[in-house]
Amino acid sequence: MWDSLWLDVHLATSDDRIMSAQDGYGCIRNGAIGIQNGTICWVGRQADLPDTPEALANRIEHGHGGWLTPGLVDAHTHVVFAGDRSHEFAERLHGVSYAEIARKGGGILSTVRATREASENALLEISAHRVRKMIQAGTTSIEIKSGYGLTLEDELKQLRVARQLGRILSIRVHTTFLGAHAVPPEYAGRPEDYITFLIDTLLPRLHAEKLVDSVDAFCESIAFTPQQTNRLFAKARELGLPVRIHSEQLTLGGGTALAARYNALSADHLEYADEAAVMDMARQGTVAMLLPGAFYFIRETQQPPVDLFRKHGVKIGLATDCNPGTSPVLGLTGVMNMACTLFRLTPEETFRAVTSVAAQALGMEKDVGMLRNGMKADMNLWDITGPDELSYWIGGMQPVRRIFSGTD
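Bear in mind the structure is a predicted one, so any value in this text is a computation, not a measurement. (Residues numbered from 1 in each chain as written. Predicted model: local features only at pLDDT ≥ 70, side-chain atom pairs only at ≥ 80, totals over all residues. Heavy atoms only, no water.)

Visitor: Is there a simple way to think about the UniProt feature "binding site: 4-imidazolone-5-propanoate" (unreviewed entry) in the protein chain in this case?
Guide: The UniProt record annotates "binding site: 4-imidazolone-5-propanoate" (unreviewed entry) at R85, Y148, H181, Q249 and T326. Lining the largest pocket, out of the annotated residues just given, are R85, Y148, H181, Q249 and T326. Structurally, the position occupied by H181 is in the loop between β7 (172–180) and α7 (191–208). Ignoring anything within four residues of it in the chain, the contact list for H181 reads H78, I108, G147, Y148, F218, A223 and F224. Here Q249 shows up in the loop between β9 (244–247) and α9 (255–261). (UniProt positions renumbered as here; feature names shortened; annotations may be inferred. 1 Å grid on protein atoms, 1.4 Å probe; cavity = no way out; pocket = protein on both sides within 12 Å on 5 of 7 lines; lining within 4 Å. Helix = DSSP H or I, 4+ residues; strand = E, 2+ residues; numbered from the N terminus. Contact = heavy atoms within 4.5 Å.)

Below you can see the structure in the form of structure tokens.
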């Protein structure tokens, strides 16, 4: 007997084995899903069930004609932080530049100060409040970056909080070490020494504590160079950790090509990426993680090269980039709408971008992101007319039920 069986549902599976040129969602109308031990054990049309529902499962769930989808995967967030930067938003609208704000002590380093000052319990409490809102909006798996501590103890604190969020909330957490986010005050004017500190001290300790699932770097004209990033990525490879990168957001600087050489899981932002960088990504299977929340919030005008990604077969992911300075976004369906409107992605592309492709960007594609036999039963039930509606509502929408490993 299966643990449970879902009936009276339509399925948007995100399963590429049943997608077609006419159906980019992998739909099964009038479908059914069987679940055993938190894992999907049967997917198909209700009419094709091998026996009567009562003979198949201990519990019958009714979807009442709603749409069941994979749980959404948010593959780029900075959600563990303290402090508030809404005043910086107001300052920018009054004509103060980001550079001026940073010179006055604002920007990333203001969040670093607030995060350092917060106790671990306080940081957990305020971060859990945000993550609960993400769960309400349909997120069932999340990547959480460090990078607002920039000392050994504070990076440990951030990543311990990230791991704890996965224990106290019904959400899967992938942790990313982003020590190369900014040069902290203690290393002002000495970025090479700071990279050495990350390589020799921070990353090995965090890895030994089993707090790191991947390594990221902010490789930009205002942050770290490709040469500095290369040193960090070499250490990540030595430790057996996959990498990802913030690159080509503000300039064409070579970070994306570097990340591709390290078989990066994803390269993120990419507004200024050129065709050579896109071809490098295509060869290595690196996901293009687009972040329309940041594009919208800072009123960027340079669009990422979506047509080049399509031309060369680079998979496109989407994420909230939830952070206090440039993307105060919590819900992925709102991001889907922004991607359609700002980047001209299709609704089908945005759906895959927050399910199967986002799972690949976290190395979790064997577990989540699709409704397929053998996948974890992380799912959302939506009261919608069809999956196009998920990217239709400005501001996003919420599922009526959220299922984690078969239960809600």
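From this point, things continue past the structure.
Visitor: How should I be thinking about the layout of surface pockets in this particular structure?
Guide: If a probe the size of a water molecule is rolled over the atoms, the empty space left behind becomes visible. Approximately 1000 Å³ is the volume attributed to the largest pocket. Going through the elements one at a time, α2 (86–93), α3 (98–103), α4 (108–117) and α11 (292–297) are the ones with two or more residues in the lining of the largest pocket. For the lining of the largest pocket, the class distribution of residues is 22 nonpolar, 12 polar and five charged. If you go around the second largest pocket, you meet 23 residues; those closest to its centre are M19, K315, R352, S356 and V357. Those elements giving two or more residues to the lining of the second largest pocket turn out to be α12 (306–312), α14 (347–353) and α15 (356–361). When residues are assigned to domains, the lining of the second largest pocket turns out to be shared by domain 1 (2–70 + 371–403) and domain 2 (72–362), each giving three or more. (Points joined across faces, edges and corners; volume = space filled by probe spheres on them. Nonpolar A, V, L, I, M, F, W, Y, C, P; charged D, E, K, R; others polar. Domains from an automatic or database assignment.)

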